[in-house]
Amino acid sequence: MTTLARPSGHDARGRLRDVLRSRVDIARHVAEVTSFDRQALDAWVREARAATVAHACRNSPFYADFVPAHLARAAADGGAGAFGALPFTTREHLSAAYPLGMLAVPRRDVIRFDESSGTGNGRPIAAFFTMADWLENNLTVATLLSCVLDERDVAAIAVPYELAGVGQDLDRAIEVLGCAIVPLGAASPSCPPERMVDALHRSGATTLVCSGTRALYLGEIARRGGIDPRADLGVSKILMAGEGSSPAKKRRLADQWGATAYSMFGMTETNTLAMFCTHRELHLVETRTYFEIVDPASGEPLPDGTVGELALTTLASRAMPLLRYKTGDVCQIEAAPCGCGSPLRRLRHRGRIGDRIRIGDRGTSQLEIEDIVLGGMTRPPYYFAFDVDGAVLEVALPPSSVDDDATRTSIADGARDRLGARVGFRRLDVSRFETALRTSAKPTMRNFSAHHEGG
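Now for a quick tour of the structure. (Residues numbered from 1 in each chain as written. Predicted model: local features only at pLDDT ≥ 70, side-chain atom pairs only at ≥ 80, totals over all residues. Heavy atoms only, no water.)

**Quick look at the layout of surface pockets**
Note the following rule: A cavity, in this analysis, means grid points on a 1 Å lattice covering only the protein atoms where a 1.4 Å probe fits yet has no way out; a pocket is instead an open set bounded by protein on both sides within 12 Å along at least five of seven lines, and a residue lines either one if it has an atom within 4 Å of a point. Grid points are joined across faces, edges and corners, and a volume is the space filled by probe spheres set on the points. Helix and strand definitions here come from DSSP, where helices need a minimum of 4 consecutive H or I residues and strands a minimum of 2 consecutive E residues; each element is numbered from the N-terminal end.
A volume near 310 Å³ is recorded for the second largest pocket. In this structure, the second largest pocket is lined by 19 residues; those nearest its centre are Tyr290, Phe291, Glu292, Asp304 and Arg345. Of all the elements in the fold, those that place two or more residues in the lining of the second largest pocket are α2 (38-59) and β11 (289-294). Among the elements that make up the lining of the second largest pocket, the one with the highest residue count is β11 (five residues).

Following this line, the structure appears as structure tokens:
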């Protein structure tokens, strides 16, 4: 695990030289671990995981109290089965420890203080990073992004820059590759959607970084302004962050923008967890995090290829190590080799446990509903909202879609075949829906009940 201590003393030039040398050392470390084959990576992960357990249980007040001493010693020594005996960390633990309870280094060693938006349970959680934590993540993300970005690209970044690290992380990682940056931010009164579209046009942006829903919205804003995103804008890549995306959403973005849509996955408390490859597969960043799939109820580990809850243990986080953190994400890990040649396993994200939806006697997810509805839509704007009434899926669509027989038939057939559900259609209050998108830092498809006409 790489460290970067802040040097003491009053020699400003000497301190600067030490910092720069340390950054070079971090870059060399990232270059080394990202070049491992699978066998070397597995061996490195075992050592890094044991070191994380030792560091967390020795230096984090939370883990010193939370993990029994005999379990901590056994896991730190790498004993067989000892790691799996460690208790799980939950978001409730992080919320209760807010703001500084999870800190595992002296406060003077922290270079960044971030916070989540409180979208999980309404309470924020804190995130801390040392210089080494932060730079290792930046350089790792840059390495993974280099498969599709280079110095010829102009990247417009429309994700939050405030408190959460996603904006700054992607900004700096993309800048390392020599790309020009257009920092659009998210939901800022000084940069409304119309100005974002204008900035895309003026800058010649080749890459748009935002949630998939925001990209659909910006495409609609451009269309209404007389700009064809496919013909008049240069965006050829959309890097989606902050929201899960169905295959249908990726197809709609490709149709709307003439661009390839790539998914990314991360959290405020961990930074980047999975990144795309040239084959648009989502690969786990196993050089920074150890991943498990566990049964959501029992916590029992599940084999690769099985759907369960994603739990993670940080391998490169000095300031805020996490041990067996249950993320609340429903995922599947695929160990089979990818065509891109990466040794990193692949992630299939199936939505959030809290987003599971019951329709009649079947369970489904927001992502599956999105895939059915967006898959049936053929006309802009590509918005929808939904609600569930027993065994009926209530779908609100814009007038252009709700009045189209083919769209309604396609959605009804998909819901019947995949969910065993009937569909009721209503008109979407487009104005209210777009107001929600315009003012949201993380725009996503909203719940139907707030946006249907008259609702």
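Let us keep going from here.
**Description of the sheet that holds strand β19 (residues 422-427)**
Rule in force here: When DSSP locates at least two bridges between a pair of strands, those strands are taken to pair. Axes, fitted as lines to C-alpha atoms, cover a helix only where it is in contact. Angles between the N-to-C directions of the axes lie from 0 to 180 degrees.
With respect to topology, three strands assemble into an open sheet ordered β17-β18-β19, the strand pairing being mixed. The open sheet has two edge strands with one neighbour each: β17 (385-389) and β19. Strand after strand, the sheet turns through a mean of 25° between neighbouring axes, direction not considered. Note: β17 against strand β18 (residues 392-397), five bridges, orientation antiparallel. Residue pairing in the sheet places Phe386 in a bridge with Val395 of β18.

**Re the nonpolar core**
Filter applied, for reference: Only buried Ala, Val, Leu, Ile, Met, Phe, Trp, Tyr and Cys residues count toward a nonpolar core, and they belong to the same one when joined by side-chain atoms within 4.5 Å. The rule is simple: take the accessible area with a 1.4 Å probe, protein chains only, and divide by the maximum for that residue type; under 20% is buried, over 50% is exposed, in between is partly exposed. Only heavy atoms matter for contacts: two residues are in contact if any of them lie within 4.5 Å across the pair.
In terms of nonpolar packing, the biggest core is built from 54 residues, with Leu184, Leu200, Leu208, Ile238, Trp257 and Ile369 touching the most fellow members. It is helix α9 (residues 212-224) that provides the largest number of residues to this core, a total of six residues. In contact with Leu208, other than residues within four places in its own chain, are Ala156, Leu200, Ala215, Leu218, Val235, Lys237, Ile238, Leu239 and Trp257. Counting residues in each nonpolar core, the second largest holds 42 residues, with Val110, Ile125, Leu282 and Tyr325 among its members.

**What about the packing of aromatic side chains?**
Spelled out, the test is: Each Phe, Tyr or Trp ring, with Trp reduced to its six-membered ring, pairs with another whose centre is within 6.5 Å; inter-plane angles below 30 degrees give stacked pairs, above 60 give edge-to-face pairs, and intermediate values give tilted ones.
The full count for this structure, using the stated rule, is eleven aromatic pairs. Aromatic side chains Phe83 and Tyr290 sit 5.5 Å apart centroid to centroid with 90° between the ring planes, which places their arrangement in the edge-to-face category. Of this pair, Phe83 sits in the loop between α4 (69-76) and α5 (91-97) while Tyr290 is found in strand β11, placing the two residues 207 residues apart along the sequence. Accessibility expressed as a relative area gives 7% for Phe83, which makes it buried.

**Some thoughts on the packing of α9 against helix α15 (residues 430-439)**
Test applied: Just so you know how the angles are binned, under 35 degrees is roughly parallel, over 145 roughly antiparallel, 65 to 115 roughly perpendicular, and the rest oblique. Each crossing gets its handedness from the near helix: less than a right angle anticlockwise from the far helix is left-handed, clockwise is right-handed. Note on residue classes: Ala, Val, Leu, Ile, Met, Phe, Trp, Tyr, Cys and Pro are nonpolar, Asp, Glu, Lys and Arg are charged, and everything else, Gly too, is polar.
Here α9 crosses α15 at 120°, and the two axes come no closer than 11 Å. Considering the angle they form, α9 stands oblique to α15. For the crossing formed where α9 meets α15, the hand is left-handed. Residues Thr213, Tyr217, Glu220, Ile221 and Arg224 of α9 form the contact with α15, whose own contacting residues are Val430, Glu434, Leu437 and Arg438. Across the contact of α9 with α15, the residue classes tally to four nonpolar, one polar and four charged.

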